[in-house]
Amino acid sequence: MVTTEYSTEQEARNALRSLLLPAWDSELPAMNRIDRWWRWNPKPIRLKKATQEHRMLRDMGQTPWLRLVVTTLAQTLYLEGVDIQGADNQQREADFWQPWERSRMGRRQIALHQSALAYGTAYTAVRAVDAPDGGVESRIDCYSPRESIALYDDPASDTFPQIFLRVRRISPTQESFELWDSWNVWLWTREQGSYTFVSCTPHLATDPHESPVCPVVRYANQQDLEGRTPGEVEPYIPLASRLNKDNYDKLLAQHYNSWKVRTATGLDSDALTEQQKNEKKIQMSQDDMLAGGRGVSFGTLAETDLGNLVESKQSDVEELAAVSQTPTTAFGKMVNVGDAGIEESRAGFYAKRNERRASFGISHLDTLRLCAAVEGRYEDASCFAMTPMWKDTDTRTMSQAVDALGKAAQMLGVPQQELWDMIPGVTKTMADSWRDYQQAHPTPDDMAVKAYTAQLAQNTGE
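Attention now moves to the sheet that holds strand S2 (residues 121–130). Spatially, three strands are ordered S3-S2-S9 in an open sheet, and the strand pairing comes out antiparallel. Of all the strands in the sheet, just strand S3 (136–143) and strand S9 (216–220) have a single pairing partner and so form its edges. Taken over all neighbouring pairs, the strand axes of this sheet differ in orientation by 25° on average, direction set aside. Note that S2 and S3 share eight bridges and pair antiparallel. Note that in S3 the partner of Thr-124 across the bridge is Cys-142. Relative to S2, helix H5 (residues 105–119) is tilted by about 145°, and along the sheet it contacts S2, S3 and S9. Set on the sheet, helix H10 (residues 347–374) makes contact with S2, S3 and S9; between it and S9 the angle comes to about 170°.

Printed below as a string of structure tokens:
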């Protein structure tokens with residue numbers, strides 16, 4: 001039974017050694033295998049009776065295919081802010097967003113999303129730190145599953161884990177271990193098998209109901225009803241291995257058989273030494289004209305056609321693009337089609353991106369609510385009227401976007417100010433500054449409407 005809190009250092013250390021470390025050790029080999037394929041260092045192809053040249057060609061053929069799958073998707077996931085339902089919530093939105101900016105999450109979210117996509121899971125943890133003014137403020141940290149693990153009572157439905165472990169290698173002989181429960185962060189160091197207790201620090205985090213929780217949020221690439229979270233690397237390792245084999249076969253044929261081979265039959269070489277035979281071969285390969293004696297005939301062997309090898313590789317690339325819902329253009333294939341064809345070819349990728357935005361967006365909001373609880377903003381911590389705002393990364397020109405937004409304002413009556421965030425290249429901060437400027441500098445039409453409204457209200461009151 002996993003408890004959610006520990007009252008003594010001995011209890012916490014027992015949980016570390018009996019629960020968390022065994023669970024982390026059992027997951028680490030799978031994480032390391034995924035990491036090798038994601039970080040372009042996979043297990044090499046096995047070669048029988050390979051020469052040094054063969055190994056060189058094999059290593060040259062290794063390509064980070066699965067890194068492209070992860071990076072292409074991660075480059076469409078940039079959180080720019082949060083939107084709270086209702087009017088005049090701009091200051092509240094800024095309060096929610098401040099811990100994000102203070103923790104440098106604008107940059108760190110890239111690595112967080114990439115880890116969650118590649119491994120299937122990544123984590124953020126929220127804790128209280130001393131503020132410059134003497135109070136308390138929240139801090140967000142991001143962790144990879146290769147250095148951390150969370151244990152859940154029900155991994156499919158629990159928002160927060162029971163306990164959490166973070167492992168950090170300080171030196172070749174020393175490691176540190178952080179155990180998070182519902183109240184504290186316990187810290188030890190281990191050197192040569194000996195544990196040294198360092199500290200126990202309250203993290204001050206609660207859930208929306210002000211109950212203490214382990215303040216760790218899971219970012220899952222895909223999560224099913226059994227709590228399984230596959231990533232964007234492991235399912236496609238066999239296909240990526242096949243692509244590396246395609247590259248090796250092509251390089252092998254290109255290296256040894258990509259030119260015509262001259263042949264000579266009827267040559268009497270019995271009286272030649274081995275060195276003379278080699279010199280004769282070099283002469284035959286270099287001379288433009290060859291002459292021989294009686295009974296000697298010359299010919300050529302055709303070079304290997306690389307077309308079939310190239311087509312086989314292209315077929316595997318298209319298969320990887322199809323099963324991973326990655327545009328073929330990410331793998332270097334350009335097709336001359338119209339706008340409608342391009343949009344159709346990327347429909348599956350956009351659906352996949354929207355699915356990840358829905359999952360990661362909820363995790364980001366949970367993280368920001370934990371930050372509000374740490375800072376004592378309990379009303380904000382219980383706010384579920386927030387919406388994550390993602391940067392628009394669709395492949396549209398500025399003129400296309402502005403034309404579509406203009407029609408939405410004119411034909412559908414959508415307020416123009418609410419459409420500014422949707423202009424490509426315009427951030428939420430920039431759009432907010434435009435709204436502030438418009439409010440401080442109203443147009444004559446706005447002033448006239450305001451005066452008429454005031455006069456109408458006055459007349460109604462009489």
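Right, let's get into helix H3 (residues 65–74). Of all 10 residues in H3, nine are buried; the element is thus mostly enclosed. Taken residue by residue, H3 has Trp-65, Leu-66, Arg-67, Val-69, Val-70, Thr-71, Thr-72, Leu-73 and Ala-74 as its buried positions. The inward-facing, buried residues of H3 contact helix H1 (9–38), H5, helix H6 (237–257), helix H8 (307–323) and H10.

Here the focus is the side chain of Ser-176. Of note, Ser-176 is situated in strand S6 (residues 174–180). Judged by its relative accessible area of 6%, Ser-176 falls in the buried class. Every residue in contact with Ser-176, bar those within four places of it in the chain, is listed here: Arg-166, Val-167, Arg-168, Ile-170, Leu-187, Trp-188 and Thr-189.

Turning our eyes to something else, we now look at a positive patch on the surface. A surface patch of like charges, here positive, comprises Arg-33, Arg-36, Lys-43 and Arg-46. In this fold, Arg-46 is placed in the loop between H1 and helix H2 (52–60).

Take the sheet that holds strand S5 (residues 163–171) next. Spatially, the five strands line up as an open sheet ordered S4-S5-S6-S7-S8, and their pairing is antiparallel. Because the sheet does not close on itself, it has two edges, and the strands there are strand S4 (148–151) and strand S8 (194–202). Strand-to-strand twist in this sheet, taken as the mean axis angle between neighbours without regard to direction, amounts to 20°.

Turning our eyes to something else, we now look at the packing of aromatic side chains. Applying the stated criterion across every chain yields a total of 11 aromatic pairs. With a centroid separation of 5.0 Å and an interplanar angle of 20°, the aromatic rings of Trp-97 and Trp-100 are classed as stacked. A residue pair is termed a helical-turn pair when its members lie 3 or 4 positions apart in one helix, as Trp-97 and Trp-100 do in helix H4 (residues 90–102) at three residues. As far as burial versus exposure is concerned, Trp-97 and Trp-100 are alike and both buried. Measuring from ring centre to ring centre gives 6.1 Å for Tyr-219 and Phe-360, while their planes differ by 55°; the resulting arrangement is tilted. Taken as a pair, Tyr-219 in strand S9 and Phe-360 in helix H10 lie far apart in primary sequence, 141 residues in all. Across this residue pair, the class does not change: Tyr-219 and Phe-360 are buried. Sitting over the ring of Trp-38, Arg-39 keeps its end group 5.8 Å from the ring centre. Above the face of the Tyr-152 ring, Arg-218 is positioned so that its terminal group lies 4.3 Å from the ring centre.

This part takes up the nonpolar core. Ranked by internal contacts, the top residues of the largest apolar core, which has 57 residues, are Leu-66, Phe-96, Val-233 and Leu-320. A total of 10 residues in this core trace back to one element, the largest contributor, which is H10. Ignoring sequence-local partners within four residues, the contact set of Phe-96 consists of Val-82, Ile-84, Leu-368, Arg-369, Ala-372, Arg-377, Asp-380, Cys-383 and Met-386. The next biggest cluster of nonpolar side chains, apart from the first, holds 19 residues, and it includes Tyr-6, Ile-163, Val-167 and Leu-179.

Side-chain pairs of opposite charge can arise whenever the charged atoms involved come near each other. By the definition in use, this model includes 24 salt bridges. Asp-380 serves as the salt-bridge partner of Arg-92, at 2.7 Å between the closest nitrogen and oxygen. With a gap of 288 residues between them, Arg-92 in helix H4 and Asp-380 in helix H11 (residues 378–381) connect regions that are remote in the sequence. Arg-92 gets classed as partly exposed once you look at its relative accessible area, which sits at 22%. Among the ionic pairs, Asp-316 bridges to Arg-242, the shortest N-O distance being 3.3 Å. Within this pair, whereas Asp-316 is found in helix H8, its partner Arg-242 is found in helix H6, the two being separated by 74 residues in sequence. On the accessibility criterion, Asp-316 (8% relative accessible area) is buried. With relative accessibility at 35%, the residue Arg-242 sits in the partly exposed group. Through salt bridges with shared partners, one network takes in Arg-92, Arg-102, Glu-137, Glu-375, Arg-377 and Asp-380.

About the criteria used
- Residues numbered from 1 in each chain as written.
- Predicted model: local features only at pLDDT ≥ 70, side-chain atom pairs only at ≥ 80, totals over all residues.
- Heavy atoms only, no water.
- Pairing = 2+ DSSP bridges.
- Helix = DSSP H or I, 4+ residues; strand = E, 2+ residues; numbered from the N terminus.
- Axes fitted to C-alpha atoms, helices over the stretch in contact; angles between N-to-C directions.
- Contact = heavy atoms within 4.5 Å.
- Buried < 20%, exposed > 50% of the residue type's maximum accessible area, 1.4 Å probe, protein only.
- Patch = residues over 30% accessible without salt bridge, like charges linked within 9 Å, V, L, I, M, F, W, Y side chains within 5 Å.
- Areas by Shrake-Rupley, 256 points an atom, 1.4 Å probe, with all protein chains shown as cover.
- Salt bridge = Lys/Arg side-chain N within 4 Å of Asp/Glu carboxyl O.
- Lys, Arg positive; Asp, Glu negative; His and termini not counted.
- Charge placed at Lys NZ, Arg CZ, Asp CG, Glu CD.
- Phe/Tyr/Trp six-rings, centres within 6.5 Å; stacked < 30°, edge-to-face > 60°.
- Lys NZ or Arg CZ within 6 Å of the ring centre and 35° of its normal.
- Core = buried A, V, L, I, M, F, W, Y, C linked by side-chain atoms within 4.5 Å.

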